[in-house]
Amino acid sequence: MINSRYIAIFVLSALAFGCATQQQPKSGSEAMNSNTSNAKPAAFRETITIAERPQTVKDQMALRGAQDEAEPKLTIVEPKEGLTVTSSTVKVKLIIAGDLKGYMPGMDPQTKMGNHIHVILDNQPYEAYYNLDNEFELRNVTDGEHTIRVFASRPWHESYKNEGSFQMVRFIVKNGGGDATKPTTANNGSTMASPTPEGKDMQNSTAGTVDPKKPLLTYSRPKGEYKDAAAESIMIDFWLDNAKLKDDGGQYRVRYTIDGGVGMYIDKWEPIWLTGWSAGTHSIKLELVDQADNVVDNGGYNSTTREITVIR
Ligand SMILES: [Cu+2]
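Remember, predicted model here, so these are calculated numbers, not experimental data.

Draft legend 1. Region of interest: the overall build of the protein chain. Counting its secondary structure elements, the protein chain contains 4 helices and 19 strands. When each of the 312 residues of the protein chain is scored for burial, the buried share is 45%. Put simply, 70% of the contacts in the protein chain that link residues at least 6 apart link residues at least 24 apart. Approximately 15,100 Å² of the protein chain is accessible, and the part contributed by carbon and sulfur atoms is 53%.

Draft legend 2. Examining the coordination of the copper ion more closely. His 116 (NE2), His 118 (NE2) and His 157 (ND1) make up the full set of protein donors to the copper ion, lying at 1.9 to 2.0 Å. Judged by relative accessible area, which is 0%, His 116 ranks as buried.

Draft legend 3. Geometry of the side chain of Gln 67. With respect to the helices, strands and loops of the structure, Gln 67 is situated in the loop between α4 (55–62) and β2 (71–78). Among all residues touching Gln 67, those that are not within four sequence positions of it are Lys 101, Gly 102, Tyr 103, Asn 115 and Tyr 160.

Draft legend 4. Here's a closer look at the nonpolar core. In terms of nonpolar packing, the biggest core is built from 28 residues, with Ile 117, Leu 138 and Ile 148 touching the most fellow members. Elements with a minimum of two residues in this core: β2, β4 (90–99), β5 (116–121), β7 (136–139), β8 (144–153), β9 (166–173) and β11 (191–193). If one sorts the elements of this core by residue count, β4 sits on top with 4 residues. Discounting chain neighbours no more than four positions away, the residues touching Ile 148 are Ile 76, Pro 79, Val 92, Val 119, Ile 120, Leu 121, Leu 138, Gln 167, Met 168, Val 169 and Phe 171. Judged by nonpolar contacts, the second largest core, of 25 residues, contains Tyr 256, Leu 288, Val 296 and Ile 308.

Draft legend 5. Representation of the sheet that holds strand β14 (residues 233–241). The antiparallel open sheet is built from 4 strands, whose spatial order is β1-β17-β14-β12. Edge positions in the sheet fall to β1 (49–51) and β12 (216–221), since each of these pairs with one other strand and no more. Taken pair by pair, the neighbouring strands of this sheet meet at an average axis angle of 35°, ignoring direction.

Draft legend 6. A look at the packing of aromatic side chains. Counting across every chain of the model gives 5 aromatic pairs. When the centroid spacing of 6.4 Å and the interplanar angle of 20° are considered together, the rings of Phe 151 and Phe 166 count as stacked. Of this pair, Phe 151 sits in strand β8 while Phe 166 sits in strand β9, placing them 15 residues apart in sequence. Phe 166 matches Phe 151 in its accessibility class, with the two residues each being buried.

Draft legend 7. Geometry of the pattern of salt bridges. Counted by the stated rule, this structure contains 18 salt bridges. For Asp 99, the salt bridge goes to Lys 101, with nearest N and O atoms at 2.6 Å. Since its relative accessible area comes to 41%, Asp 99 is described here as partly exposed. Residue class for Lys 101 comes out partly exposed when judged on its relative accessible area of 40%. Here Arg 154 makes a salt bridge to Glu 158, at a shortest N to O gap of 4.0 Å. Judged by its relative accessible area of 8%, Arg 154 falls in the buried class. What emerges from the salt-bridge pattern is a single network uniting Arg 53, Arg 64, Asp 68, Arg 154 and Glu 158.

Draft legend 8. Spotlight on the sheet that holds β11. Overall, antiparallel pairing links the 5 strands, which are arranged β2-β4-β7-β10-β11 in an open sheet. Only two strands of the sheet have a single partner each, and these edge strands are β2 and β11. Averaged over all pairs of adjacent strands, the angle between strand axes in this sheet comes to 30°, irrespective of strand direction. Here 7 bridges tie β2 to β4, and the two strands are oriented antiparallel to one another. Paired with Leu 74 across the bridge in β4 is Ile 96.

Rules behind the numbers
Note that residues are indexed from 1 along each chain, following the sequence as it is written. Only residues with pLDDT of 70 or above have their local features reported here, since the model is predicted, and side-chain atom pairs are shown and tallied only from 80 upward, although totals for entire chains, interfaces and linings are computed over all residues. The basis for the side-chain values is all heavy atoms of the structure; hydrogens and waters are excluded. Numbering of helices and strands runs from the N terminus, with a helix taken as a DSSP run of H or I at least four residues long and a strand as a DSSP run of E at least two residues long. Burial classification: accessible surface area is computed with a 1.4 Å probe over protein chains only, and a residue below 20% of its type maximum counts as buried, one above 50% as exposed, and the rest as partly exposed. Note on definitions: a residue-residue contact is assigned when non-hydrogen atoms from the two residues lie within 4.5 Å. Per-residue accessibility takes into account occlusion by the displayed protein chains alone, with areas from the Shrake-Rupley method and a 1.4 Å probe. Only N, O and S atoms count as donors, using a 2.8 Å cut-off from the metal and 3.2 Å for Na, K and Ca, and because water is excluded some sites may appear unfinished. Think of a nonpolar core as a cluster: buried Ala, Val, Leu, Ile, Met, Phe, Trp, Tyr and Cys residues, connected wherever their side-chain atoms sit within 4.5 Å. Here, a strand pair is defined by DSSP locating no fewer than two bridges between the strands. What counts as an axis is a line fitted to C-alpha atoms, over the stretch in contact for a helix, and the angles between N-to-C directions run from 0 to 180 degrees. Only rings of Phe, Tyr and Trp enter the pairing, Trp through its six-membered ring, and a pair is recorded when the two centres are within 6.5 Å. The plane angle decides the type: under 30 degrees is stacked, over 60 is edge-to-face, the rest tilted. The working definition used for a salt bridge is a side-chain nitrogen of Lys or Arg within 4 Å of a carboxyl oxygen of Asp or Glu.

These figures capture arrangement, not role.
Take a look at the structure:
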């Protein structure tokens, strides 16, 4: 076990260095433009192209045995669907079952990586939940309707797309006493939603009128900060409920738009990796669209824009 872990670390760092040496020096104009968000000239947007699954991810998969064929099934034990909570503190309790093939959420103390669950309050960026035996609690949840969405994820944040991996509940906070001027946090201190600028693309949030029976796109990745080797290839990944994409025999498409440029389409439900990112902030918009290219409405969740930061 320890031996294979050392080998894995060695292989990954060797690959990281390999990637780093391939980086081209940035031109002066690109460096100048790299700090302006949402306003990059088209020429820079066009440098972003689809790449294949990174070798580092392939190597991790090879070391995982049959885990990638697992079919984890999650249950949200708490909060129950439709529950009214009279407190701004909301416990989230999950159970994992199904055909796990060795898949189990948990962080490796050495690499700080591991399988985990993505937990999403309303339509905010997800929080990673590693050890389901530890309590997960939302604090300062504001009054109103909310949703929690969860799904099983791999160490590189690619979601499991089998039936049962994804779950959603709707609940209501009433007279909870939450402070809408302050962020909603998890008990580990991380921000789940925020009304302040430090929350970046987060808002203080309540749920939209989400119908769990209607087509639902859940934005997962990219998220946050990507540095050096990690910024070489950035993954777009999402969850789809009640919607089949065109090349999977359905009628829907997922449209992604980088930095307000031309919308591109994903017609098969699998992650894509994009390469060619300049340093600075980038916006990523993911939308679920129908045959007429219109966004399918479901409480506003089917069109989500996030900002990421690329550091190199
Ligand atoms: Cu993740």
